[in-house]
Amino acid sequence: MVYKKFAPRKKFCRFCASKENILDYKNVDMLKDFITDRGKIIARRITGNCAKHQRALTTEIKKARQMALLYYTATHSTDVRKKTT
Ligand SMILES: [Zn+2]
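Nothing here was measured: the structure is a model prediction, and the numbers come from that model.

1. Focus on the overall build of the protein
- A tally of helices and strands in the protein yields 5 helices and 0 strands.
- The secondary structure elements of the protein, listed N-terminal to C-terminal, are α-α-α-α-α.
- Looking at the protein residue by residue over its 85 residues, the buried ones come to 9%.
- At a minimum sequence separation of 6, the contacts of the protein that also span at least 24 residues come to 68%.

2. What about the environment of Asn27?
- Positionally, Asn27 belongs in the loop between α1 (14-17) and α2 (28-32).
- On the basis of neighbour counts, which here come to 14 C-beta atoms within 10 Å, the residue Asn27 falls in the partly exposed class.
- For the pair formed by Asn27 and Ala64, sequence separation is 37 residues and the distance between their alpha carbons is 8.8 Å.

3. Focus: unusual backbone geometry
- Not every positive phi belongs to a glycine, and Ala68 is a case in point at roughly 60°.
- Along the polypeptide, Ala68 turns up in the loop between α4 (51-66) and α5 (79-82).

4. Section: the nonpolar core
- With 5 residues, the main nonpolar core is built from Leu31, Phe34, Leu57, Ile61 and Ala64.
- Tallying contributions element by element places α4 first for this core, with 3 residues.
- Not counting the four nearest positions on each side in its chain, Leu31 is found in contact with Glu60, Ile61, Ala64 and Leu70.

5. Some details on α4
- Here α4 is 16 residues long and its end C-alpha atoms lie 23 Å apart, about the 22 Å a rise of 1.5 Å per residue gives.
- Looking at the packing, one finds that the buried side of α4 touches α2 and α3 (44-47).
- Ala68, located one to two residues past α4, shows a positive phi value of around 60°.

6. Digging into the confidence of the model for the protein
- Per-residue pLDDT for the protein has a mean of 82; in total, 74% of the residues score no lower than 70.
- The least confident element of the protein, judged by mean pLDDT, is α5 at 53; the most confident is α4 at 95.

7. Some words on the environment of Gly39
- Summarising the element assignment, Gly39 is placed in the loop between α2 and α3.
- Here Gly39 falls in the partly exposed class, since 17 other C-beta atoms lie within 10 Å of it.
- Taking the C-alpha atoms as reference, Gly39 lies 5.6 Å from Tyr72; in sequence the two are 33 residues apart.

Conventions and cut-offs
- Residues numbered from 1 in each chain as written.
- Predicted model: local features only at pLDDT ≥ 70, side-chain atom pairs only at ≥ 80, totals over all residues.
- Helix = DSSP H or I, 4+ residues; strand = E, 2+ residues; numbered from the N terminus.
- Buried ≥ 20, exposed ≤ 12 C-beta atoms within 10 Å, placed from the backbone.
- Contact = placed C-beta atoms within 7 Å.
- Core = buried A, V, L, I, M, F, W, Y, C linked by C-beta atoms within 7 Å.
- Expected span 1.5 Å × (residues − 1).
- pLDDT = per-residue confidence, 0-100.

This is the structure we're talking about:
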């Protein structure tokens, strides 16, 4: 058996796989798995979500942003302005 050095990429939709994963805008910790540190939504080919759930996820992330549970982009951070060196 040959194992790859990289962590095996699980290519399955985690929402299809488990009903414990509730796709909801209030579930911020879960949503954070699907956005980058700059606030971008991670592409489906990377996360392995199915089309149906990726679409639903996008909607929930956008809802969460409106509720200020998530950020739109990292540049909104106040630290950016302080950096004038
Ligand atoms: Zn799915």
